[in-house]
Structures are given as structure tokens and as C-alpha cells.
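Examining the three-dimensional arrangement
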Amino acid sequence: MEIRALKIEALTVFYGKRCALQDISLEIQRGQVMALIGPNGAGKSTLIRAASGVLPIQSGKIRTNGDEFTSLAPMQRARCLAVVPQAVALPPAFTAWETVLMGRTPYLNFLGQTSDADEAIVRHALNRADALDFADRRVGELSGGEQQRVLLARALAQATPILLLDEPTAHLDMQYQVALMHTICQLAHEDHLAVMIAMHDLNLAARYADSVALLVQGRLEAVGNPNEVLTPERISSAYHLPVQVVQHPFQKAPLILPGE
Amino acid sequence: MSKRFLPYVINLGLLVAAVILSLAIGSVFIAPADLWEILRNWLTHRPLPAGLETYSFIISDIRLPRTVLVLLTGAALGGSGTAYQGLFRNPLADPYLIGVASGAGLGAVLAMSIRWPYSFWGLLAVPMSAFAAAMLTVLLVYIMARVGQTVPTTNLILSGVAFSAFATALTSYLIISSQGEVRRALGWLMGGASQSSWQTVLAILPYLVIGLGVLLMNGHALNLLQFGDDQAQQLGLPVMRTKTVLLLAASLATAAAVSFSGIIGFIGLIVPHVMRLWWGADYRRLLPLSIMAGGGFLILADILARSVMRPQELPVGIVTALAGAPFFLWVLRKSKNQGYW
Amino acid sequence: MFRKAIITLASLTLILAACAPKLPAATEITSGTETPATPVTYTDGLGRSIEMTGSAQRVVSLTPATTEILFAIGAGSQVVGRDTFSDYPAEASTVTDIGGSMGKYNTEAIVNLKPDLVVAGGINPPELVASLETLGLKVFFLSNPTTMDELYARIRIMGNLTGADSGAEKVVTSMDAKAKEVDAKLSGITDKPVVYYELDATPFTAGPGTFVDQLISRAGGTNFGAKMDSAWAQISLEQLLVADPAFIVLGDSAYGETASTVSARPGWDVLTAVKEQKIFPFDDNLVSRPGPRLVDGLEALARLIHPEAYK
């Protein structure tokens, strides 16, 4: 059963009486990076939560290659799809190593016994996420950026074909933002992962993503390659701010500048 | 000796030492030489010299069943306290958070207000009533806290607080308006192994084995739950089912322990913290260690309770708090483990 | 779902009971008297049959009232253990203390005394009786008497059990005589003033059916607490003001309550009894322990309420 893509079909999610997501349809192929952008409250985190099976769905389907995702048991889902959440309120007492080891859960027995192979995978994941240096330190002692890398490593240790990231660049310094996006792109293209990243930095999205999905107030306004989606009209109306879009001077990507 | 096994060896050693002390110390003074003689004769099945028969009886029929009962009670409290703290991600959680104690107290006092016949079932009325009321309270708290398909942690706590307050108030009212059962009710509520016989041990053993057994199998699950329901589910844990099973198992063990021993506080709250400070926050280790330490600490408290003011016997709940609090503060100060939680 | 839960709960509870304490059989203990005696069966306060062969020579008393009875009937030398609160008579304090505060008795000490009879009282719960019997002890439950006649019966049984039958009879006779003497002295009284007997400073008073209630009545008074619902009743100052008792008897004087502390209570100075300083400390043990001194309590109350009858 080879998973080739994550397909979200006509997804509708309600929070109580309020409609949080309406009729969202997306597809992310393996080897692709899709950036999920939109103002705060648009539903980016909600989409990630729903797609990972944590939120109940009103209507619509999530498929991984024909199989309906929500019909799978949590363990099976965790082998298909991993989430890198925001680094908030992490249990401070576990070390980075122990935290990443949790990512192996879908492949362990209920007692959580790990083998040498698991440990090797964890080491590899920490390395990829550039977090091996502080593997033995407690998560509570790490900075926001370091914690984010630990969470990325954990998702990598989960060894899934699909990876969802929720605002991973939010707390990072510039250099780490770029490094992270670079790593993610490498993972997608080299390891052949289907990646969806919720992010708020439009220029990073433009630079690194293969496709962009614009979410405004629970609706999918546009989806396609960055040039198509990141137009001044769309961005201005979505963010209630006049913007200009120019061609990046030395990269093949649009550059969004706020202001007239 | 691998470093992995060290905590278990130490905890086990402390437990064994506590058991031995508990058999050796009591309100009747038995000289160490006599103790040794008695133990030797037990092991070699030789008859005892006449003078030592009463002492031997005291050790085998009073101190031994009591020690075992106290051990089991402490183990139940230590284990379920750990589980509750992990489940609720709250360092203030203890086994009585969602109403086991207040429910059991109400059940016991209700049963005490009726004159049961002095018979097999009549003598069981109070513990059975306490047990049933405890589990019923947990059930009601759970049902009240449900929101659709989930049981949010905050709801559980709030629902538990509400039910506990209600049950406690009812219990107080019953005590005040009782016809002289005040002494008996307060004695029960303050805790203590007054009905410690082998039959009592047998009565609670199955519940403890099941309850603690289930908890021990869920150490990894508890680790995952520390990351929150979302992340735990995303990592592959069936969160709702796991939380329900953990709640039930912990409540089962606590209810059984409480129904014969009354409400003994502090152990369920503090033992897991001490274990965390000493041995770390991995629940796969924390659970068995807290179970052992809970038994050991309660035995030590019980020894103090029956020997510090002899021939009086203090309710063990008072000793656990009076002696336990300073001990815990000392451990906290000495610990270099910042962010141990 | 609720019904399933209840059924599961019920089954769980029944399983809990399945291996739980079984009723231990009352054991027969030979008493060690010289003449071989035939076993006699007594029925105790829990309805059980207690078989005694000969009289009990090593008795442990779990309540102060029982201790007083045993010493009064002349069986004091047979008492080898008593509870902490047994403070009367003075000789009782030399007997081994076996605990009893907060309801917790020192079972090790009791067993170590090798008693042939343990006498439990109304304040001891059935669990305690069962746990003592599990240890092979013979326990006689002396339930609380509610009338003087019931008290006399209990004194007689204590005499039977310890072989002090004649001593018991003497005690009963003298108690009865003293009570009748009080009745005689009070035969001419014309009124029964309201008496407020304070058990505790909260305030709590003794309700209907208690010995305090009966003794006050027999001593020529009307118990203020008689209209309460329970034996141990919390009252309000308002009710007290309405009833305006003629006497305030401080059964809680052992806890530090005196005439001055009562007078100082806010709002109490309006009461007649406070204005006339008819506030009297009282030894509560004389009226709350169901034992031989109950008639002393009766007389003390009578002298207090109707001093004119004792001139």
C-alpha cells in the first residue's frame, strides 16, 4: 500500500455552531511542499488538526491513497501522517532524545519498548533536524527554536510519508527560519514526503513552497503555484492591507511588500 | 549493577526495611533477641518456647496482616496518584481529585447511620457502601464532564470539585445530625487500618491487582499524554479510550483501598513527586516506583502512628501529613532537579 | 449506559464482599477456676450468644462506664486492661491502659494481656468487635442502656460474667434506694423549672431520650433539650431566649466553660439564669456514663434544681 498523496475532499469542520472550515479540497503529492497561508483565525491550525484526525469532521473526506483516513485506527494513522505542532507547553522534564523517541510510538508495543533500530532512527532524525547537539538536555531548558527542531525530529522519527507542520517558523530567528525551510524542502524532495506547512510569512512561503493554498475565514480562496496565488488583489483582500507584489531580484519567486 | 535497575533496588530495599520495622515495632515492646528467636523458629518450623507464644501471635496475627494491608493501601494510593497526575497533567492532582474520597465518605457515613445486624453482610455494609459510592461518584463526575466525544481534563476537575463539595457537605450534615455515630464516622474519615485482617487483604487484593496492573501497562501511554491530547493522538495513542481506562483503573484501586482504610491523604499527592525528583519523569518507571514507595511510606507512617504516642494510636492520615510535609519540603530543597515536573 | 454502569457497579461491589471478613466464631475460653463449672450462655447487646465457663478473671474494659461498673461490683481486681478515659475510681488508673482515644484501641496490648473476656460498649463499632474476635478474643458487647432498669440489668450481667453476682446485687439495691430517696425528697415540689444542660459550647445540648434528659426530669426539672430531634442537638440562642431557662448546667466545664465565660457570651446576658448567676459547672461523667454514679448525678441535679427540698 503505497501512499502517494494526501487528499482532502470537501472538508467541513464545525466548532460548536461556528463553521471553522468550509468545503476545503486540497491535494498534496509526495515530493511536494504546500504552504498553507492566511490571516490568523483563518483556520490553518484547524485544518491541520482535522487532517491529522484529531478534530471531528462534519462532512468531507480525508484520503491517503484511496483509504479513508478517519477509518483507520490512531496507530495506523500515525504511521501515515505526522504533525509538527507549535512548540508550546511541552513537558519540560523529558530530554530532547526522550521526546524524539516518542515519535517511534506507532512502531512500538504498548509498553513502549524500543530497540537499537529505533535509537538509530532517532539519532538520524535529530541529525536531520540539526538538534543532535542538545539531545541530552531537558526540553524545558531549550529555547523556542531548539524545541521546534526537537519536534521536527520527532515527526521525522515517525517516518511517515506525509508531514504537516503548524507554524514551525513562528519563534525562530531569521537564520533558523531559512535553515528549517531549507531542511523541509530537502526532506520533501529527497525523502519524497508530502509536506503541508501552515505559515504566516508570505515571502518564505513564496520562496520555498511548490504550491500555496490561501485560507481566509475557513474558505479556500485559492490554491496553486505561488505566482498564481500570491497576487496583490488576493493578498490585499485577505489581509485587509494594500500590498505590492514584485519579482524577487535574485530568486525565482514573488516578493510581497506591504504598502501602496 | 546497571544504572537502570538502581531505583528499583533502592525502592525495594526501603520497602523490605519498612516491612521488617513494621513487624518489629508496635505498642508492645518485643526485644530484638526475642524477634530473632521467633523468626528463626518460624522459618525452621520449630515450636516456640512458652513465653514467646503471645509475641509470635502478635507479630503473625496483628502486625503482619496490618503491614500487608497498609502496604497495599499505600501502593494503591501511590500508583493512582501518579496516574492522576499524569492524566491531568497537574502537579496538584491526587487520587481523590474526582470524588473517590468524598463519595466513599458519604457511602460509609450513610451506612453507619443504619443499624446493621452483626453478621457477615452486616459487617460488610460500611466498606461495601463506601466502595459503591466511590465508584458511583467517579461515574457521575465522568458523565457530567463529557462534551460530545471527548472528556476534557478541565471539565473532569471541575465536575469532580463540585461533586466532592456536595458529597462532603452531605456527609458533614449526616454526622452532625447523627445519633452519636460522630466518633465512628470521624474515626473512619481520618483513616487507619482498624479492620486489618487477612480477609480484608483478600477482599481488596483483586481490585488492586487489576487496577494497578492496568496502570503499570500504561506507562508509555501516560508519557504520551504529557504532550496533550492532540499530540498524543497524532503519535498514535487512542486518547479517549486510554484516558477512560486509566481513570477507571486508578479509581478502582483507590476505592478498594479507601473502603477499608478510610481516607488517607498526602501519600497519593507527594510520593509521585518524590519519585520524580529522585528518578525522573518517565511514567514507565514512575509507576512501579511510586507503587513501591507508596507502600513503604505508608508503612513508615503507620509505624509512627501506632508507636509515637503509645498506647494511643494516631489516625495515620494525620501522621502522613505532619511527617510527610516537612520531608517533602526537604526533598524539594535538596533537589538539583529544576523543572523536574 | 447508566443502567449498564449500575449493574457493573453492583457486581463489582458484590465481588468485593465475596472474600471479605467472615464472621468469626466465638471461641470458648476456659477460665481456670478450681471447681469445674458448667458453661453458661449469655446474650450480648449484638444479639450473639456468649458462652462462659466459670467467671472471667482477666477482663479488659473498653469503656469508662464498664470500668466503673466492674470496680463498683467488686470485680476491680479482675480488670487487667482499661481504656484511656477510664479515670474512675482512682484504682483504675493503675490498670494497664489499652488505648481508645479517637476510637483506636491498642490490639497488641489487649492481646498481650491474655484476657478471657473483653467488654465492649455502645461507643465501640461492630468492626472493632469483629476485629477483636478475629484475634481469638471473647468479646461481650454491652449496649447502651436507655432506662435505669436497663442499666441495672447490665450491672447484673457484669456480676454474672465476673462471678461478682452478690456485689452487683448490692450496687443495684443501693442505686435504687438512692434514686427512690431523691424521688421522696422531691415528692412535694410544685414546679419543674426549665434546665439548660450544655454538652458543648457550640452550643449543644442533650436531646430527648438521653439519660441527661431523664435525670433532669426525675430531678424535678424540665430539660430544655427535650424538644430537639436528636440526642446531641445544636441549639440557637433565639430558642434559649424564648425558653429562658432557670438554670444553666455546664456539662462542658471540663473543657473550660465557667459562669464567667458563659456570661461573657454576646447576647447571653439577657437570660434570667445569667442575670441571677444560676450557672453551675457540673461533672458530665455523672450523667453521661451509664454506670453506678448515675444516681449520684441524679442527686446532684436534684440538689441543684431544688435546693429547698434538701434543707
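Residues numbered from 1 in each chain as written. Chains lettered and ligands numbered in written order. Predicted model: local features only at pLDDT ≥ 70, side-chain atom pairs only at ≥ 80, totals over all residues.

Digging into the arrangement of the chains
In this assembly, two pairs of chains are in contact, and the pair contributing the most contacts is chains B and C. One thing to see here is that chain A and chain C don't touch, and their nearest C-alpha atoms sit 22 Å from each other. (Contact = placed C-beta atoms within 7 Å.)

Observations concerning the domain arrangement of chain C
Residue and element names in this part refer to chain C. Its domain assignment divides chain C into domain 1 (19–177) and domain 2 (186–310). Centre-to-centre separation of domain 1 and domain 2, based on C-alpha positions: 31 Å. Among the elements of the structure, α2 (64–72) and α6 (165–185) are those that each provide at least two residues to the side of domain 1 that touches domain 2. With five residues, the top contributor of residues to the side of domain 1 that touches domain 2 is α2. Residue composition of the side of domain 1 that touches domain 2, grouped by class: nine nonpolar, two polar and one charged. (Domains from an automatic or database assignment. Helix = DSSP H or I, 4+ residues; strand = E, 2+ residues; numbered from the N terminus. Nonpolar A, V, L, I, M, F, W, Y, C, P; charged D, E, K, R; others polar.)

A short note on the interface of chain B and chain C
By a widely used convention, the size of an interface equals the accessible area lost when the partners come together. The interface of chain B with chain C comprises 40 residues on the first partner and 42 residues on the second. The set of elements that each furnish at least two residues to the side of chain B that touches chain C consists of α3 (53–88), α5 (120–145), α7 (182–190) and α8 (198–216) of chain B. With nine residues, the top contributor of residues to the side of chain B that touches chain C is α5(B). Residue composition of the side of chain B that touches chain C, by class: 21 nonpolar, 15 polar and four charged.

A closer look at the interface of chain B and chain A
In this assembly, 22 residues from chain B lie in contact with 24 residues from chain A. Elements that contribute at least two residues to the side of chain B that touches chain A include exactly α9 (219–225) and α10 (229–234) of chain B. Looking at the side of chain B that touches chain A residue by residue, the classes come out as nine nonpolar, 11 polar and two charged.

Description of the environment of A:Asp166
Within the fold, A:Asp166 resides in strand β7 (residues 162–166). If sequence neighbours within four positions are ignored, A:Asp166 has contacts with A:Ser45, A:Ile48, A:Val83, A:Val84, A:Pro85, A:Gln86 and A:Ala198.

Brief notes about the packing of helix α4 (residues 100–112) of chain B against α5(B)
Residue and element names in this part refer to chain B. At a closest axis distance of 7 Å, the pairing of α4 and α5 adopts a crossing angle of 145 degrees. The crossing of α4 and α5 is right-handed. In this structure, α4 contributes Val100, Ser102, Gly103, Ala104, Leu106, Gly107, Ala108, Leu110, Ala111 and Met112 to the contact, and α5 contributes Ala125, Val126, Ser129, Ala130, Ala132, Ala133, Ala134, Leu136, Thr137 and Val138. (Axes fitted to C-alpha atoms, helices over the stretch in contact; angles between N-to-C directions. Left-handed = near helix turned anticlockwise from the far one by under 90°.)

A look at the sheet that holds strand β1 (residues 5–15) of chain A
The strands that make up a sheet are held in pairs by hydrogen bonds between backbone atoms, and each pair lies either parallel or antiparallel. Residue and element names in this part refer to chain A. Strand order in the open sheet formed by four strands is β2-β1-β4-β5, and the pairing between neighbours is antiparallel. Where the open sheet ends on each side, the last strands, each with one partner, are β2 (18–29) and β5 (67–68). When β1 meets strand β4 (residues 59–64), the two strands line up antiparallel, connected through five bridges. Across the sheet, residue Leu6 finds its bridge partner in β4, namely Thr64. Together, β1, β2 and β4 form the strand contacts of helix α1 (residues 44–51), whose direction differs from that of β2 by roughly 65 degrees. (Pairing = 2+ DSSP bridges.)

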